[in-house]
Amino acid sequence: MTTAQHRQNAVLSKILVVCARTNDGRVARLTVEELAGQASDTRGVFDIVVWSR
């Protein structure tokens, strides 16, 4: 991802929800609560739910 794409995503990601699978096969939902910083120094706060298998 280029820096320009990253900056664009950071602006839009306040409504971003991502689903992922953990190493042990559980499904997780991450919802962005807060983003701070710029480009490679971006920090985030997420609401995370992980379901059991």
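Residues numbered from 1 in each chain as written. Predicted model: local features only at pLDDT ≥ 70, side-chain atom pairs only at ≥ 80, totals over all residues. Heavy atoms only, no water.

A. Main features of the environment of aspartate 24. Mapped onto the elements, aspartate 24 comes out in the loop between β1 (17-21) and β2 (27-36). Along the backbone, aspartate 24 and serine 52 are 28 residues apart, and their C-alpha atoms lie at a distance of 9.8 Å. There is a polar contact of 3.3 Å between the side chain of aspartate 24 and the side chain of arginine 26. (Helix = DSSP H or I, 4+ residues; strand = E, 2+ residues; numbered from the N terminus. Polar contact = N/O pair within 3.5 Å; in protein donor to acceptor, adjacent residues only side chain to side chain.)

B. Region of interest: the side chain of threonine 31. Considering the arrangement of structural elements, one finds threonine 31 in strand β2. With a relative accessible area of 19%, threonine 31 lands in the buried category. The contacts of threonine 31, once residues within four sequence positions are left out, are Leu16, Val17, Val45, Phe46 and Asp47. (Buried < 20%, exposed > 50% of the residue type's maximum accessible area, 1.4 Å probe, protein only. Contact = heavy atoms within 4.5 Å.)

C. Structural detail: the pattern of salt bridges. Within the structure shown, the criterion is met by 2 salt bridges. One salt bridge in this structure joins aspartate 24 and arginine 26, with 3.3 Å as the shortest N-O distance. Between arginine 43 and aspartate 41 there is a salt bridge whose closest N-O contact spans 3.0 Å. Of the residues examined, arginine 43 reaches a relative accessible area of 45% and is grouped as partly exposed. (Salt bridge = Lys/Arg side-chain N within 4 Å of Asp/Glu carboxyl O.)

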